[in-house]
Structures are given as C-alpha cells and as structure tokens.
Amino acid sequence: MYNLVMKDLKLGVNPMFFLLPVILGALMLIPGWLYFIVILYFCWITVPGVFGQFKAHNDLMFTSLMPVTKKDIVKARVLVIVIMELLHIVMAMIFGMINIQLYSSLTPFFFGPHLGFWGLCFVMLAVFNVVFIPMYYKTAYKFGSAGIVSIAAAMLFAGVAQWIGIASPVVSDLFTGSGVHNTGLQILILAAGIVIFIALTMIAYRIAVKRFLKVEIL
C-alpha cells in the first residue's frame, strides 16, 4: 500500500501540485474575500491536472501489471486525493491564522477563516469526494464527467452554505460575529466537519471498490 501511494505521489503528481497549495493558500490574505474559492481551486486545478497526468501516462494499465489488488489500487488513489486535500486545507489554515491577526478589526461579509469555517470546507471536500471518486471508478480512466459533476456539487454546497451565512442572522453571528470567539463551539463545528469528511470519503471508497471490481482492464 505504501509503495502504491508513493508511486502515485512521485510518478503521477507533478511537483507543481505540491507547491500550488502554498501559492493558493496565500489568497487567504485577501481581506473579506470569499474564502471557499481558495479550497475550490483544489477541485478546479489540482484534480484535473493530476488525473490528466495519470491518464496521459496510462497509469491504470501500468498499475494493473503490478502484483496488487484492485482494492489496494483504489485505496492508494483515495489516500493520494486525501493527502492533497489536507495539504490544501492546512496551508490555507496557516494563512488564515495570519489573516485573522492582520484584519482583527474587520467584520467580513462572507465567512471569515475561523475554525468553524474550516469545518465547512471539510464538508465541501467530502461532498466532492463522495461524487467524484465513485463516478471516476466506473471506468477508472475517464475523469471529465466525474470532475464536472463533483465540482458542481462542491460549488453548490459552498454557495448554499455562504448564502445561509448571509441570510441567517444566527449563522452569520456564528461564523462572522460574536460566535467566532466561542472556541468550544468553533472546535465542535470543525470536528463535525472532519467526521463528515472521513465518513463520506469512506463511503466513496467502498462504492468505488465495488465499481472498480467490475471494470475490465485490457
């Protein structure tokens, strides 16, 4: 399993995609921005780029020739996706902490980069995973339609969540008002988001395995 993951990270992922989270994370320093976009860049740029490389290198055929099971192939690829997602979120969180220090007196119109917001980001990526991973493993080769649908789902979640955050005084206060100073509640929202992320990603993995077992690799 370790070797499969390292094979994907070293051979399938261009080093640029490890630098990208740092560059995009710096967008968190823009005051009062729609910060969901920073994480959505993972869906818009990293996933198409990485899976495009896998396809160009005929990685599926190469991996199928290795002494590994289809279940391990899926597990390794899902772990790579999660690693890249965590890299994007961690770097964004670091710049988010700097943002809070720089603009402590600013009351943002959109969600600020506090702990609760990152819980929502985890849920957004969970939505992306539970759509993209099972759809991709219908063929384990074509990622275009899976990418379009999953990106649309993630953007829809972000849009609805942000709209509620603006329209609802309670939610607005929780994520941009006095609620951001309630550390316990913010940690609870973050923890809930992480649990949802893990649960939906595991569901996506299990569905993907079942679908991939039916795929005939020529």
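Higher on the page you've got the structure.
Small disclaimer: the values here were computed from a predicted structure and weren't measured.

Conventions used here
Residues numbered from 1 in each chain as written. Predicted model: local features only at pLDDT ≥ 70, side-chain atom pairs only at ≥ 80, totals over all residues. Heavy atoms only, no water. Helix = DSSP H or I, 4+ residues; strand = E, 2+ residues; numbered from the N terminus. Rg over C-alpha atoms; globule rule 2.2 N^0.38 Å. Contact = heavy atoms within 4.5 Å. Patch = residues over 30% accessible without salt bridge, like charges linked within 9 Å, V, L, I, M, F, W, Y side chains within 5 Å. Areas by Shrake-Rupley, 256 points an atom, 1.4 Å probe, with all protein chains shown as cover. Salt bridge = Lys/Arg side-chain N within 4 Å of Asp/Glu carboxyl O. Lys, Arg positive; Asp, Glu negative; His and termini not counted. Charge placed at Lys NZ, Arg CZ, Asp CG, Glu CD. Buried < 20%, exposed > 50% of the residue type's maximum accessible area, 1.4 Å probe, protein only.

**A closer look at the overall build of the protein chain**
Move 1: Helix and strand counts for the protein chain come out as nine helices and zero strands.
Move 2: Mapped in sequence order, the helices and strands of the protein chain form the string α-α-α-α-α-α-α-α-α.
Move 3: The C-alpha atoms of the protein chain give a radius of gyration of 18 Å, which matches the 17 Å a tight globule of 218 residues would have.
Move 4: With the principal axes as the frame, the protein chain shows a C-alpha extent of 60 × 30 × 25 Å.
Move 5: Within the protein chain, contacts between residues at least 6 apart in sequence are counted, and of these 83% link residues at least 24 apart.

**Concerning a positive patch on the surface**
Move 1: A cluster of basic residues, Lys71, Lys75, Lys138, Arg206, Lys210, Arg211 and Lys214, forms a positive patch at the surface.
Move 2: Elements with a minimum of two residues in the positive patch: helix H5 (70–102) and helix H9 (183–212).
Move 3: Counting residues per element, the positive patch draws most heavily on H9, at three residues.
Move 4: Within the secondary structure layout, Arg206 lies in helix H9.
Move 5: Judged by relative accessible area, Arg206 falls into the exposed class, the value being 53%.

**Remarks on the environment of Pro113**
Move 1: Mapped onto the elements of the fold, Pro113 is located in the loop between H5 and helix H6 (115–136).
Move 2: In this structure Pro113 comes out as buried when scored by relative accessible area, which is 7%.
Move 3: Note: C-alpha distance between Pro113 and Asn99 (14 residues apart in sequence) is 7.6 Å.
Move 4: Look past the residues within four positions of Pro113 in its chain and what remains in contact with it is Met28, Tyr35, Gly96, Asn99, Ile100 and Trp118.

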